[in-house]
Amino acid sequence: MNASVELAGVAKRFRATVALHDVSVEIGTGVTGLLGPNGAGKTTLLRIVATALGQDSGTVRVLGRDPADPADRLEIRRRLGYLPQESGLYSGFTAFAFVDYVAVLKEMTDRRARHEEVRRVLDVVGLGDRAHQRIRALSGGMRRRVGLAQALLGRPELLVLDEPTVGLDPEQRLRFREVLAGLPPDTTVLLSTHLTEDVAALCSRVVVIDHGSVLFEGWTSELAAVADGRVWDAEQPAPGAAVAWRTPEGRYRNVGDPPPGADLVPAGPEHGYLLLTGSQRVEEVAS
Ligand SMILES: Nc1ncnc2c1ncn2[C@@H]1O[C@H](COP(=O)(O)OP(=O)(O)OP(=O)(O)O)[C@@H](O)[C@H]1O
């Protein structure tokens, strides 16, 4: 794989909290989902890739450059679109004025071409008719889309999107999927989510992260395969289950090590994810 983003042995700590612990991943073109529970280290990893935060140790290459080098960092930022978790939108601005302001910061100096680009990205996210409304008057999902619009400015080679689907209704989720599908094929998208549905719907590759460590890196279809033969239904939560929950039919779906003759059910990406993250918790309890 010709990686757009390469992390090797990356660690980051905030005082006593280890946010990332020896993370090594390679991200290529296409859409990669960074999947993990709250506090897993997703935002920290994305901030490092987006050059907003430096690592404590390990090496980072983004678009073939080193974010620690000031000239390289500038070059990366020119080729990067970033939707942070907290968008920091200026609520008194209109959507158009805000995205235009970001476009100025992105060195789009020709006014006419810039305005055209601002209109294009607002149209892409379905906010063309809201362009002149103040951000404070927009709904949460619409604000998220203003954030996405600014990330799309200038058709960046690398898009780093922190929880882009939060606050989107089903129709907007579909639209977001279309936005991703409409990007040039050599674009690299790295997006974070804590929803396996997002990964299944949006991402061809997935990196599962928990407690600051990468637990899985591969094709989304391979995530389901992690749980092949390890999902079964029973009348009770089974002793061999890393995770179990009650189904609408009143039985228990178990994910873990099935007993002989278990009533196996087909595995999906969510089961692979639960097995990876749940089993780690069981190990922790045991140790
Ligand atoms: N600036 C910071 N100062 C102190 N601790 C931090 C800081 N940023 C992150 N952390 C801690 O690092 C860990 C990883 O946080 P991070 O925000 O990267 O996780 P996340 O996977 O994005 O979580 P969420 O899904 O809740 O957004 C957490 O324990 C968090 O409390």
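Throughout this document, residue positions are counted from 1 along each chain, in the order its sequence is written. Given that this is a predicted model, residues contribute local features only at a pLDDT of at least 70 and side-chain atom pairs are listed and counted only at 80 or more, while totals for whole chains, interfaces and linings are drawn from all residues. Side-chain numbers here rest on the full set of heavy atoms in the structure, without hydrogens or water.

Trainee: Would you explain the sheet that holds strand E5 (residues 80–83) in this entry?
Mentor: Sheets are built from strands paired through backbone hydrogen bonds, the pairs being either parallel or antiparallel. Read from one edge of the open sheet, six strands run E5-E6-E7-E3-E8-E9, paired in mixed fashion. Unpaired on one side and paired on the other, E5 and strand E9 (213–219) mark the two borders of the sheet. Taken pair by pair, the neighbouring strands of this sheet meet at an average axis angle of 15 degrees, ignoring direction. Pairing geometry for strand E3 (residues 30–35) and strand E8 (residues 205–210), over four bridges, is parallel. Looking across to E8, one finds that glycine 33 is bridged to valine 206. Lying on the sheet, helix H6 (residues 170–181) is in contact with E3, strand E6 (158–162) and strand E7 (188–193); it crosses E7 at an angle near 155 degrees. Any two strands with at least two DSSP-identified bridges between them are counted as paired. In DSSP terms, a helix is any run of H or I states spanning at least four residues, a strand is any run of E spanning at least two, and both are numbered starting from the N terminus. Only the contacting stretch of a helix is used when fitting its axis, a line to C-alpha atoms as for every element, and angles between N-to-C directions run 0 to 180 degrees. Whether two residues are in contact is decided by their heavy atoms: any pair within 4.5 Å suffices.

Trainee: Just to check I follow, could you spell out the site of the ligand for this structure?
Mentor: Around the ligand, the surrounding shell holds 13 residues, and the nearest of these are Gly39, Gly41, Lys42, Thr43 and Thr44. Here a polar contact is recorded for every N or O atom pair within 3.5 Å, except that within protein the pair must consist of a potential hydrogen donor and a potential acceptor, and residues adjacent in sequence are included only if both atoms are side-chain atoms. The backbone of alanine 40 places a nitrogen or oxygen atom 3.0 Å from an oxygen atom of the ligand. When the ligand sits alone it has 630 Å² of accessible area, and the protein chains cover 63% of it. Looking at the shell around the ligand, the elements that each hand over two or more residues are strand E2 (17–27) and helix H1 (42–49). The element best represented in the shell around the ligand is H1, accounting for three residues. Class assignment for the residues of the shell around the ligand results in four nonpolar, seven polar and two charged. We call a residue near a molecule or strand when any one of its heavy atoms sits within 4 Å of it. Per-residue accessibility takes into account occlusion by the displayed protein chains alone, with areas from the Shrake-Rupley method and a 1.4 Å probe. Ten residue types, Ala, Val, Leu, Ile, Met, Phe, Trp, Tyr, Cys and Pro, are classed as nonpolar, four, Asp, Glu, Lys and Arg, as charged, and the remainder, Gly among them, as polar.

Trainee: I would appreciate a short explanation of the domain arrangement of the chain in the present structure.
Mentor: By a widely used convention, the size of an interface equals the accessible area lost when the partners come together. Domain boundaries assigned for the chain yield domain 1 (1–79 + 156–219), domain 2 (88–152) and domain 3 (224–286). Throughout the structure description, domain borders are defined by an automatic or database domain assignment. The centre of domain 2, based on its C-alpha atoms, is set 45 Å off from the matching centre of domain 3.

Trainee: Any chance you could explain the layout of surface pockets here in plain terms?
Mentor: Here the term cavity refers to a set of points on a 1 Å grid, laid over the protein atoms alone, in which a 1.4 Å probe fits but cannot get out; the term pocket refers to an open set having protein on both sides within 12 Å along at least five of seven lines, with lining residues being those that place an atom within 4 Å of a point. Grid points are joined across faces, edges and corners, and a volume is the space filled by probe spheres set on the points. Quantified by volume, the largest pocket comes out at close to 660 Å³. Lining the largest pocket are 27 residues, with Arg77, Val102, Leu105, Lys106 and Gln150 sitting closest to its centre. Those elements giving two or more residues to the lining of the largest pocket turn out to be helix H2 (70–78), E5, helix H3 (95–105) and helix H5 (140–152). Counting contributing residues, the lining of the largest pocket receives three or more from each of domain 1 (1–79 + 156–219) and domain 2 (88–152).

Trainee: I tried to follow unusual backbone geometry on my own but got confused; where do I start?
Mentor: Note on backbone geometry: most residues besides glycine have negative phi, and most peptide bonds are trans. Positive phi, close to 50 degrees, is recorded for leucine 63, a residue that is not glycine. On the secondary structure map, leucine 63 appears in the loop between strand E4 (57–62) and H2. Owing to a relative accessible area of 14%, leucine 63 belongs among the buried residues under this scheme. One non-glycine residue, histidine 211, adopts positive backbone phi at about 50 degrees. Checked against the element boundaries, histidine 211 lands in the loop between E8 and E9. Partly exposed residues are those whose accessible area sits between 20% and 50% of the maximum for their type, while under 20% is buried and over 50% is exposed, using a 1.4 Å probe and protein chains only.

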